[in-house]
Amino acid sequence: MTEPTPPAADGHPELKAPAISFEFFPPKTEEMERNLWETIKRLAPLHPNFVSVTYGAGGSTRERTHATISRILAETHLTPAAHLTCVDAPCADVDDVVARYHQVGVRHIVALRGDPASGIGGLYTPHPQGYRSSADLVASIKRRYPDIEVTVSAYPEKHPESASFDADLDTLKAKVDAGASRAITQFFFDNDLYFRYLDRVRAHGIEIPIVPGILPVQNFKQAANFAQRAGASVPHWLAEKFEGLEDDPDTRRLVAASVAAGQVHKLAKHGVDTFHFYTMNRADLVFAICHLLGIRARSAQKAA
Ligand code: FAD
């Protein structure tokens, strides 16, 4: 089963623009913070459904994620979603983070298992007093705070640790049964991977939205490194498009915009009406891609 066929979103201005969300990471330095807030100011008028802020491995950005989320709540009209991992932490610590989020008004958590300190692919062992899996974390959040919306991860090329696609889909199903109402995918560059995965997901009896995670390639080498660590494939044609542009950032930006716009256009044409952008805390490419999708800046009462 595939997603319901839409009134073809082919970029025609009369068609409904898709829904979008943006992902940011918490800044490490004052300069990075200024840059993030410039990015948020530029993207906020596009009225995303939500903006999410990642949580560093093992809680390493716990305070920075919290501070970024709190500032988004205080200073913008945006709806924040806080990422949270349960790896390497006792349940009590993780619960404390959720309680603090709930207290400041966060009603959306992206709940993840996370990677062990040794990195993705290292052997995952739950903390002795910790959540055993991401599904356990989801269940705990929903049990204590039914008003918190929980989003989880999904892997069109399966997670590198999964023994098989079936094992991978069983994990996704467990997270949905525990109360997750949306999944965002790991980024991918070949749309067929997403559509094949969606068929598998639906055949597995999973009905929640599977929102494609789009990574505009700001820097090919860096994107290829991410992909390798995340178990995502990088097609030859993509490498070829960036070949020889190492010292030519202007052309690289144009190529990146055209590649990502092509990807989202094709997805939209086949009925995808919601996109999550991994912004890497940069606005220009994502803004341009959203513009090409028919999304226009609008003012808000409380400007970012
Ligand atoms: P799960 O969904 O629990 O599992 C993923 C797959 O791995 C499962 O399908 C399952 O088959 C397999 N698996 C899980 N546990 C085991 C096990 N014990 N043995 C064998 N197989 C197993 N990381 C961060 O640190 N911070 C973030 O903010 C963050 N945000 C993310 C957002 C998105 C949208 C995505 C897609 C990933 C994000 N990650 C983040 C990365 C994520 O933490 C890693 O991919 C991690 O390896 C898995 O966490 P998960 O919740 O996706 O795992």
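Here we summarise the structure given alongside this text. Everything numeric in this text was worked out from a predicted model, so none of it was measured.

**What about the overall build of the protein?**
Working step 1: For the protein, the count of helices and strands is 10 helices and nine strands.
Working step 2: Relative to a compact globule of 304 residues, whose C-alpha radius of gyration would be 19 Å, the protein shows 19 Å and is just as compact.
Working step 3: Counting only C-alpha atoms, the protein reaches 50 × 45 × 40 Å along its principal axes.
Working step 4: Looking at the protein residue by residue over its 304 residues, the buried ones come to 48%.
Working step 5: Considering only intrachain contacts with a sequence separation of at least 6, the fraction spanning at least 24 residues in the protein is 79%.
Working step 6: Working note: accessible area of the protein is about 14400 Å², and carbon and sulfur atoms make up 51% of it.

**Thoughts on the sheet that holds strand β2 (residues 50–53)**
Think of a sheet as strands paired side by side through backbone hydrogen bonds, with each pair either parallel or antiparallel.
Working step 1: With parallel pairing, the nine strands of this open sheet are ordered in space as β7-β6-β5-β4-β3-β2-β1-β9-β8. Sheet topology places β7 (210–211) and β8 (213–214) at the edges, where each strand pairs with a single neighbour.
Working step 2: As judged from the four bridges shared by strand β3 (residues 80–85) and strand β4 (residues 108–112), these two strands associate in the parallel manner. Looking at the pairing, Thr 85 lines up with Leu 112 of β4.

**Some words on the packing of aromatic side chains**
Working step 1: As enumerated under the stated definition, the model contains seven aromatic pairs in all.
Working step 2: On the basis of an interplanar angle of 70 degrees and a centroid distance of 5.4 Å, the ring pair of Tyr 194 and Phe 195 is categorised as edge-to-face. Of the two residues examined, Tyr 194 and Phe 195, each falls in the buried class.
Working step 3: Put simply, the rings of Phe 22, Phe 275 and Phe 277 touch in pairs and so form one group of aromatic residues.
Working step 4: Residue placement shows Arg 42 over the ring face of Phe 287; its charged tip is 3.9 Å from the ring centre.
Working step 5: Sitting above the plane of the Trp 37 ring, Arg 71 keeps its charged end 3.9 Å from the centroid.

**Quick word on helix α5 (residues 165–177)**
Working step 1: For α5, with 13 residues, the first-to-last C-alpha span of 18 Å sits near the 18 Å given by 1.5 Å per residue.
Working step 2: If you check which residues of α5 are buried, you get Asp 168, Leu 169, Leu 172, Lys 175 and Val 176. An end-on view of α5 places all buried positions within 115 degrees of arc, on one side of the element.
Working step 3: On the buried face of α5, the contacting elements are α4 (134–144), β5 (149–154), β6 (182–185), α6 (191–203) and β7.
Working step 4: Remark: Gly 179 follows α5 within two positions and exhibits a positive phi of approximately 125 degrees.

**Comments concerning the side chain of Arg 182**
Working step 1: Structurally, the position occupied by Arg 182 is in strand β6.
Working step 2: Residue classification places Arg 182 among the buried residues on the basis of a relative accessible area of 15%.
Working step 3: Of the polar contacts made by the side chain of Arg 182, one reaches the side chain of Thr 151; its length is 2.7 Å.
Working step 4: Excluding residues that lie within four positions of it along the chain, Arg 182 makes contacts with Phe 50, His 108, Glu 149, Val 150, Thr 151, Val 152, Ile 208, Pro 209 and Val 211.

**Quick notes on unusual backbone geometry**
Working step 1: Positive phi, normally seen in glycine, also occurs at His 47, with a value near 50 degrees.
Working step 2: Checked against the element boundaries, His 47 lands in the loop between α1 (30–43) and β2.
Working step 3: You will see that Asn 281, though not glycine, has its phi angle at about 65 degrees, which is positive.
Working step 4: Looking at where Asn 281 falls in the secondary structure, it is placed in the loop between β9 (274–278) and α10 (284–292).
Working step 5: A residue is classified by how much of its surface remains accessible, and Asn 281, at 2% relative accessible area, is buried.

**As for the site of the ligand**
Working step 1: In the neighbourhood of the ligand, 23 residues make up the surrounding shell, with Asp 115, Ser 134, Ser 153, Tyr 155 and Lys 175 lying closest.
Working step 2: A distance of 2.6 Å is found between an oxygen atom of the ligand and a side-chain nitrogen or oxygen belonging to Ser 162.
Working step 3: Against a free-state accessible area of 960 Å², the protein chains account for coverage of 83% of the ligand.
Working step 4: Broken down by secondary-structure element, the contributors of at least two residues to the shell around the ligand are β3 and α5.
Working step 5: Of the residues that constitute the shell around the ligand, the class distribution is eight nonpolar, 10 polar and five charged.

**Quick word on the pairing of β2**
Working step 1: Side chains Phe 50 and Ser 52 project from β2 onto one buried face, and the interleaved Val 51 and Val 53 project onto a second face that is buried too.
Working step 2: The sheet contact formed by strand β1 (residues 19–24) and β2 spans four bridges and is parallel. Within the sheet, the bridge partner assigned to Phe 24 lies in β2 and is Val 53.
Working step 3: Following the backbone out of β1, through α1 and into the adjacent parallel β2, one traces a crossover that is right-handed.
Working step 4: Here β2 runs beside β3; their pairing, made up of three bridges, is parallel. The partner of Val 53 across the bridge, within β3, is Ala 82.
Working step 5: A crossover links β2 with its parallel partner β3, the connecting element being helix α2 (residues 62–75), and its sense is right-handed.

Criteria and cut-off values
Residues numbered from 1 in each chain as written. Predicted model: local features only at pLDDT ≥ 70, side-chain atom pairs only at ≥ 80, totals over all residues. Heavy atoms only, no water. Helix = DSSP H or I, 4+ residues; strand = E, 2+ residues; numbered from the N terminus. Rg over C-alpha atoms; globule rule 2.2 N^0.38 Å. Buried < 20%, exposed > 50% of the residue type's maximum accessible area, 1.4 Å probe, protein only. Contact = heavy atoms within 4.5 Å. Areas by Shrake-Rupley, 256 points an atom, 1.4 Å probe, with all protein chains shown as cover. Pairing = 2+ DSSP bridges. Phe/Tyr/Trp six-rings, centres within 6.5 Å; stacked < 30°, edge-to-face > 60°. Lys NZ or Arg CZ within 6 Å of the ring centre and 35° of its normal. Expected span 1.5 Å × (residues − 1). Arc of directions from axis to C-beta. Polar contact = N/O pair within 3.5 Å; in protein donor to acceptor, adjacent residues only side chain to side chain. Near = heavy atom within 4 Å. Nonpolar A, V, L, I, M, F, W, Y, C, P; charged D, E, K, R; others polar. Right-handed = clockwise from strand over helix to strand, strands pointing away.

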